[in-house]
Every structure is written in C-alpha cells, then in structure tokens.
Amino acid sequence: MTQLTQLIVQGISSGAIYGLVALGLVLSYKATEVLNFAQGDVVMLSAFLGWGFVVAAGLPFWLSFVIVLCISAALCFLLEAKIMRRIVGRPQFSGVMLTIGIGFMIRGGVSMFFGPQSRSYPTPWTGQSMQLGGSVVAELNLVIVGAAMGVTALLYYFLRRTTLGIAIHATSQNQLAAYLCGVRVKRLNSLVWAISGAIAALCGLLLAPITLVDLGLWFVMLKALAALVLGGFGSAPGAIIGGLLIGLIEQFAGVYLPDGVKDVAPYLVLIAVLILYPRGILGESHGRRV
C-alpha cells in the first residue's frame, strides 16, 4: 500500500505537469489554430530563468517566481503579436514549422547563455515531506497537484464567468463574428498566448526541482502531446485528464514493466490512441470549444 500510494501521488503530480503543458497548447491552438511546438522550450527557458534569479541573482523564490511568469508571458505575447500574426491565412504547416524553429532558437540561446550543465535550485518545499496514506510523500508533489487544480479552476472561471473570458471563448468559436461584434481579436489572441506562456513558466518552475534544470526539459512537450491526443485534441478538460493518465501510466510502467518501458510508454499510448480512437476521451470531431 505504501508503494502504491507513492506511485499514485508521483504519477498524478507528473501528470499534472503534462496536463498543464497540454492545456497551454489547447489555449494557443484555439486562439490561432497553430500548435505551438515551442511550448516545451518555454518550459525549459523558465526553469533556467528560475535558477538564474534564485541562485545566481540571490532573489527570493516567490519574487523570482513572479518575474519568470511575467517574462514568459511577455515573450509568448510578443511571439504571437510580432511573428505568428504575420503568417495568418497561410497553411497550418507554416505555423508548425515556425514554432519548431522558434523552439530551436530558444534552446540554442539558453545553451549559449547558461551553458549545457544540469543544475538545481531550492524551493520552499525542498526536502519537505508528509505522511499520506501510511507513506511518506514529498510536499512538492502535492504542491504541483494543488497548482494544477488551482490553475484549471481559475481558467474555467475566467473563460466562463468574466467578460474578457467570454470574448476569448467567442473568438475561439468564430473570429470574424467576434470581430464584427467589436471584439479586438488580435489583442485577445496575443493575450491567450501570454496566458499559455505563463502556464508554461509555472510548469518549468515546478518541474525543475524534481528533474533538475536541464536542456532536456523541453521533452515535456512530447508527453504533453501524448496527453493532448489521449484526452482529446482541442479539449481543455481532456488535456488535464490525458496528462494525469499519462503520468500514472508512466509511473506504473516504470515499476511493473521491464526496464525501458517507462520511457516509451507515453508514446506507445499516443500511437495506440491515434490508431484505435483518434478523437480521444473528450475529443471533438467537429467544433471548437475551449
């Protein structure tokens, strides 16, 4: 029971990260119909920025946390406003290749500025643990789960209960109709990308203390894609559910299946879902609903 509890908590915490990254992908895709393949690199960049402010600059964790969120949000806002907007109306493949190129540029810039070495930084929960279900669980895992739940609830309220959120929702359904109703579509699209960037920063800052600050953090994007397909491409609730399932599958595969299966389990799930049930758990074959 102790091992089972730890596996579940660890699976849910890592799955919450995958789900949040996938949620950011859904938001940016709904806004501009471009799948942002640079999202994982923003996660990685945020982790390095967190290390830079906390360790190199010696700033308090929470101040660094806010600064990194603002930087990542501003970066994604500018990416949409100054770069992605210039390819509106072109084939979706153009947007995919452009975001892949942006991702490589971010990765190269981080490698040149910070260096390729792995590193870590302390958080308020480093080394802290608590008893849960008869087993010892790291507090950081619980913080990650709580953060994912809080962000999901906050986004749901924002998109469904606020004027700005309803405008974003309307824009994702029909940009032309929203524009004719007086909605500033371009500004809202940039805002949605900024929100997606802030979510990526949150994931990077919470994931780095567990997996180290490393250039390989961008690989979380691939697991987020698996979560996105499993939950249903284009579905925000599906992104979270898919992320949690991928996290649990990954953890249980690492314990109960042969060595090496853990590393490929998310991609095996991705292939199986694409073949057997392409719509995913909560996917939509038609329509665009956030």
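What counts and how
Residues numbered from 1 in each chain as written. Predicted model: local features only at pLDDT ≥ 70, side-chain atom pairs only at ≥ 80, totals over all residues. Heavy atoms only, no water. Helix = DSSP H or I, 4+ residues; strand = E, 2+ residues; numbered from the N terminus. Contact = heavy atoms within 4.5 Å. Core = buried A, V, L, I, M, F, W, Y, C linked by side-chain atoms within 4.5 Å. Buried < 20%, exposed > 50% of the residue type's maximum accessible area, 1.4 Å probe, protein only. Salt bridge = Lys/Arg side-chain N within 4 Å of Asp/Glu carboxyl O. Patch = residues over 30% accessible without salt bridge, like charges linked within 9 Å, V, L, I, M, F, W, Y side chains within 5 Å. Areas by Shrake-Rupley, 256 points an atom, 1.4 Å probe, with all protein chains shown as cover. Phe/Tyr/Trp six-rings, centres within 6.5 Å; stacked < 30°, edge-to-face > 60°. Lys NZ or Arg CZ within 6 Å of the ring centre and 35° of its normal. Expected span 1.5 Å × (residues − 1).

*Asks:* Quick question: what am I supposed to make of the environment of Gly260 here?
*Replies:* Tracing the chain through its elements places Gly260 in the loop between α10 (236-256) and α11 (261-276). Residues Gly260 and Ala81 lie 179 residues apart in sequence; the distance between their C-alpha atoms is 42 Å.

*Asks:* How should the side chain of Glu250 be read in this particular structure?
*Replies:* Summarising the element assignment, Glu250 is placed in helix α10. Each residue touching Glu250, except ones within four places of it in the same chain, is listed here: Ser14, Tyr18, Lys223, Lys262 and Pro266.

*Asks:* So what exactly am I meant to see when it comes to the nonpolar core here?
*Replies:* Within soluble globular proteins, side chains that are nonpolar tend to cluster in buried spots. Within the largest apolar cluster, 79 residues are counted, with the highest numbers of intra-cluster contacts made by Ile17, Leu20, Val110, Tyr121 and Leu228. Considering every element that reaches this core, the biggest residue donor is helix α8 (residues 185-211), with 13 residues. Look past the residues within four positions of Leu228 in its chain and what remains in contact with it is Ala22, Leu25, Val26, Leu35, Phe233 and Ala239.

*Asks:* Mind showing me how you'd approach the pattern of salt bridges here?
*Replies:* Here the structure, examined in full by the defined rule, presents three salt bridges. Put simply, Glu80 and Arg85 hold a salt bridge, and the shortest N to O gap is 3.3 Å. Between Glu250 and Lys223 there is a salt bridge; the shortest N-O distance is 2.5 Å. Linking Glu250 in helix α10 with Lys223 in helix α9 (residues 220-231), this pair joins segments that are 27 residues apart in sequence.

*Asks:* What exactly am I supposed to notice about a nonpolar patch on the surface here?
*Replies:* A surface patch of nonpolar side chains, about 350 Å² in accessible area, is lined by Ile241, Leu245, Ile249, Ile281 and Leu282. By secondary structure assignment, the location of Leu245 is in helix α10.

*Asks:* Even after reading the chapter, I still don't get the packing of aromatic side chains, so can you show me in this structure?
*Replies:* Two numbers describe a pair of aromatic rings. These are the distance of the centres and the angle of the planes. Considering all chains together, one arrives at 11 aromatic pairs under this definition. Judged by centre distance (6.3 Å) and plane angle (80°), the rings of Trp51 and Phe114 are edge-to-face. Pair noted here: Trp51 is in helix α2 (residues 39-56) and Phe114 is in helix α4 (residues 92-114), with a separation of 63 residues, a long-range link. Residue Trp51 shares its accessibility class with Phe114, and that shared class is buried. Aromatic side chains Phe252 and Tyr256 sit 6.0 Å apart centroid to centroid with 15° between the ring planes, which places their arrangement in the stacked category. Residue Phe252 and its partner Tyr256 are both found in helix α10; the two are separated by four residues, about one turn of the helix. One aromatic cluster is present, built from ring pairs that chain together Phe48, Trp51, Phe113 and Phe114. Over the ring of Trp218 we find Arg107; its NZ or CZ atom is 4.0 Å from the centre of that ring.

*Asks:* Could you clarify how one ought to interpret α4 in this entry?
*Replies:* One turn of an α-helix holds 3.6 residues; hence residues three or four places apart share an orientation. The end-to-end C-alpha distance of α4 is 33 Å, a good match for the 33 Å that 23 residues give at a rise of 1.5 Å each. Listed as buried for α4 are Gly95, Thr99, Ile102, Gly103, Ile106, Arg107, Val110 and Phe114. Turning to α4, the residues buried within the fold contact α2, α3 (61-83) and α8. Immediately downstream of α4, the backbone of Gly115 shows phi near 90°, a positive value.

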